[in-house]
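In case you want the letters, here they are:
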Amino acid sequence: MKSHKIAIALILLSLIAACSKKPVTLTAVTNSVPKPLPPSPKTPEEIFEEADYLAYITVEMLLDSKDTASYRRLVGSGMLIDFEKNFYVLTASHLLPTFGEVQKVWVRLKDKDFSTVNLEAEFLAYDRVLDIAVLAFKTKPEYKGKVAKLGQSKDLKIGEEVVALGSPGQIPDCLSVGVIENPFIGIDEGTEHPGLILHDAPVRPGNSGGPLLNKYGEVVGINIRVDGGNKGFWVTQAVPIDDAKELLLKIIPNGLKDWPHMMLYLTLVNSWDITPY
């Protein structure tokens, strides 16, 4: 009997000891979960391999709508984006001429299943101040590849490596590498123009509207022009993608051909002397 009492006492003592231990709190468990790691930088080769969304644009036009001999082609680049489950192409608005008559707009994609397919499109909306245009497809393509991932241009730093993709000289699948020289340059003091990104990744005629990407493969700008002229100092300028994203929310739902913003600084735009390249 005495041994049974001792056994019961030991059991009670062990239960008391167990109950007296500090319970594990939810906070302790939560704090033990590691934070997600930041994205890993990609090589230019990796960025290019993932860029199925790269678009090559051809605009067929007549300088004189009554004269078929005045036929001309404008070529440029762009990127396929997904907006509310619909595909659009983001590019530069100066691919849409301010003269003549547009006959057809064709888009090809870098994606292997669409590299030889001409998709008919049209200019849905554009802003000539920002030099941004959105193309809509006449028929939604059965596309299963990657779309452009839009990053944040406000995070760019001087000296940061960037990659430019496009079709210079109508040669598809081209890449160049450079660095940010200035993430924001104003156009004209006293106006509300948002400014441009300055970088030294080489671009040539045909790169217009193509993406400028950061080291994570995110689009941070839209290449629109090379500046320098007789100064002998050639630099590339790109529209910050933050400005483009803000504009997309306004022009795609409304589908405005002429976004009213473009009329505010028409003189300033003309002074740029932008030509499709």
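Note that the structure is predicted; figures quoted are calculated from it, not measured.

Draft legend 1. Fine view of the overall build of the chain. When helices and strands are counted, the chain shows 5 helices and 12 strands. Here the chain holds 277 residues, and 44% of them are scored as buried. Excluding contacts between residues fewer than 6 apart, the proportion of contacts in the chain whose partners are at least 24 apart in sequence is 64%. Approximately 15,600 Å² of the chain is accessible, and the part contributed by carbon and sulfur atoms is 56%.

Draft legend 2. Summary view of the side chain of Thr236. Tracing the backbone shows Thr236 in strand E12 (residues 235-240). Only 3.1 Å separates the side chain of Thr236 from the backbone oxygen of Ala201, close enough to count as a polar contact. Setting aside anything within four residues of it in sequence, one finds Thr236 in contact with Ile197, Leu198, His199, Ala201, Val203, Asn223, Arg225 and Val226.

Draft legend 3. The confidence of the model for the chain, seen in detail. Residues with a pLDDT of 70 or more make up 73% of the chain, whose mean pLDDT is 81. Taken as a whole, residues 188-192 scores under 50 in pLDDT and shows 3 contacts with residues more than four places along the chain or in a different chain. Every residue in residues 259-277 scores below 50 in pLDDT, and together they form 43 contacts with partners more than four places removed in sequence or on other chains.

Draft legend 4. Looking closely at the pairing of strand E7 (residues 161-166). Within E7, 5 of the 6 residues are buried, which leaves it mostly tucked inside the rest of the structure. Where E7 and strand E8 (residues 174-185) come together, 6 bridges link them in antiparallel fashion. For Ala164, the partnering residue across the bridge sits in E8 and is Ser176. Summarising the sheet, E7 and strand E10 (residues 211-213) pair through 2 bridges and their orientation is antiparallel. Among the inter-strand pairings, Ala164 is bridged to a residue of E10, identified as Leu212.

Draft legend 5. Region of interest: the pattern of salt bridges. In this structure the tally under the stated criterion is 6 salt bridges. A salt bridge links Lys42 to Glu50; its shortest N-O distance comes to 2.7 Å. Across the pair Glu120 and Lys104 runs a salt bridge whose closest N-O atoms are separated by 3.1 Å. With a gap of 16 residues between them, Glu120 in strand E5 (residues 119-127) and Lys104 in strand E4 (residues 101-109) connect regions that are remote in the sequence.

Draft legend 6. Spatial organisation of the pairing of E12. For E12, a buried count of 6 out of 6 residues is recorded, marking the element as mostly surrounded by other parts of the structure. Here strand E9 (residues 196-199) runs beside E12; their pairing, made up of 3 bridges, is antiparallel. Bridged to Leu198 within E12 is Gln237.

Draft legend 7. Region of interest: the sheet that holds strand E3 (residues 86-91). Spatially, 6 strands are ordered E1-E2-E3-E6-E5-E4 in a closed barrel, and the strand pairing comes out antiparallel. Each strand axis lies, on average, 40° off the axis of its neighbour in the sheet, ignoring direction. In the sheet, strand E1 (residues 54-62) pairs with E4 via 8 bridges, with the strands oriented antiparallel. Of the residues in E4, the one forming a bridge with Tyr56 is Arg108.

Draft legend 8. Summary view of unusual backbone geometry. In this model, Glu84 sits at a positive phi of 50°, which is unusual for a non-glycine residue. For Glu84, the position within the fold is in the loop between strand E2 (71-83) and E3. Its identity is not glycine, yet Gln170 carries a phi of approximately 60°, on the positive side. The residue Gln170 is located in the loop between E7 and E8 in this model.

Draft legend 9. Examining the packing of aromatic side chains more closely. According to the stated counting rule, one finds 3 aromatic pairs in the structure shown. Both rings, one in Phe87 and one in Tyr143, keep their centres 5.6 Å apart while their planes meet at 90°; by these two values the pair is edge-to-face. Of this pair, Phe87 sits in strand E3 while Tyr143 sits in the loop between strand E6 (132-137) and E7, and the two are 56 residues apart along the sequence. The same class applies to Phe87 as to Tyr143, namely buried. Through a chain of ring-to-ring contacts, the aromatic side chains of Phe87, Phe114 and Tyr143 assemble into a single cluster. The ring centre of Phe48 lies 4.5 Å from the NZ or CZ of Lys110, which sits over that ring. The side chain of Lys140 reaches across the aromatic face of Phe87, ending 5.7 Å from its centre.

So, how was this worked out
- The residue numbering used here restarts from 1 in each chain and proceeds along that chain's sequence as written.
- Owing to the predicted nature of the model, reporting of local features is limited to residues with pLDDT of at least 70; listing and counting of side-chain atom pairs is limited to 80 or more, with chain, interface and lining totals taken over all residues.
- Side-chain metrics rest on all non-hydrogen atoms present in the structure, leaving aside hydrogens and water.
- A run of H or I in DSSP counts as a helix once it spans at least four residues, and a run of E counts as a strand once it spans at least two, with each numbered from the N terminus.
- For the exposure calls, accessible area comes from a 1.4 Å probe over protein chains only, and a residue counts as buried if that area is under 20% of its type's maximum, exposed if over 50%, partly exposed in between.
- Should any heavy atoms of two residues lie within 4.5 Å, those residues are considered in contact.
- Computed by Shrake-Rupley with a 1.4 Å probe, the accessible areas treat only the displayed protein chains as cover when residues are assessed.
- Contacts described as polar in this section are N or O atom pairs within 3.5 Å, which, within protein, must combine one atom able to donate a hydrogen with one able to accept it, while residues neighboring in sequence count only if both atoms come from side chains.
- As a per-residue measure, pLDDT tells how confident the predictor is, with possible values from 0 to 100.
- The pairing criterion for strands is at least two bridges between them, as found by DSSP.
- Salt bridge criterion: a side-chain nitrogen from Lys or Arg within 4 Å of a carboxyl oxygen from Asp or Glu.
- What counts as an axis is a line fitted to C-alpha atoms, over the stretch in contact for a helix, and the angles between N-to-C directions run from 0 to 180 degrees.
- Two rings from Phe, Tyr or Trp (for Trp, the six-membered ring) form a pair when their centres sit within 6.5 Å of each other. Planes less than 30 degrees apart are called stacked, planes more than 60 degrees apart edge-to-face, and all others tilted.
- Note on criteria: charge over ring means Lys NZ or Arg CZ within 6 Å of the ring centre, with the direction from the centre no more than 35 degrees off the ring normal.

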